[in-house]
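# Observations on chain architecture
The chain contents come next:
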Amino acid sequence: MRHLLRMARWARRPPSEKMVIFVLSVIVICFVLWAVERWVGWPDWLTPDPVGRGSLVK
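Summarised in this report is the structure supplied together with it.

## Some thoughts on the overall build of the protein chain
Secondary structure assignment for the protein chain yields two helices and zero strands. By residue count, 2% of the 58 residues in the protein chain fall in the buried class. When the accessible area of the protein chain is evaluated, it comes to approximately 6,500 Å², of which 68% is carbon and sulfur surface.

## A closer look at a positive patch on the surface
There is a patch of like positive charges on the surface, built from R2, R6, R9 and R13. Following the sequence through the fold, R9 ends up in helix α1 (residues 2-12).

The rules behind these values
- Residues numbered from 1 in each chain as written.
- Predicted model: local features only at pLDDT ≥ 70, side-chain atom pairs only at ≥ 80, totals over all residues.
- Heavy atoms only, no water.
- Helix = DSSP H or I, 4+ residues; strand = E, 2+ residues; numbered from the N terminus.
- Buried < 20%, exposed > 50% of the residue type's maximum accessible area, 1.4 Å probe, protein only.
- Areas by Shrake-Rupley, 256 points an atom, 1.4 Å probe, with all protein chains shown as cover.
- Patch = residues over 30% accessible without salt bridge, like charges linked within 9 Å, V, L, I, M, F, W, Y side chains within 5 Å.
- Salt bridge = Lys/Arg side-chain N within 4 Å of Asp/Glu carboxyl O.
- Lys, Arg positive; Asp, Glu negative; His and termini not counted.
- Charge placed at Lys NZ, Arg CZ, Asp CG, Glu CD.

Right, here's the structure in full:
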């Protein structure tokens, strides 16, 4: 129901052109990052090493 109310509000007062371009650019950036990660893979240096609970590095 909330989504229908939000769509009705957007139909009455659509967002500005700058906001639409901003949202679309964020979606495109996310898609590009996903595609690069899918084709190239996740770099090992960005993968966190699991650390056991309660262990201290000496």
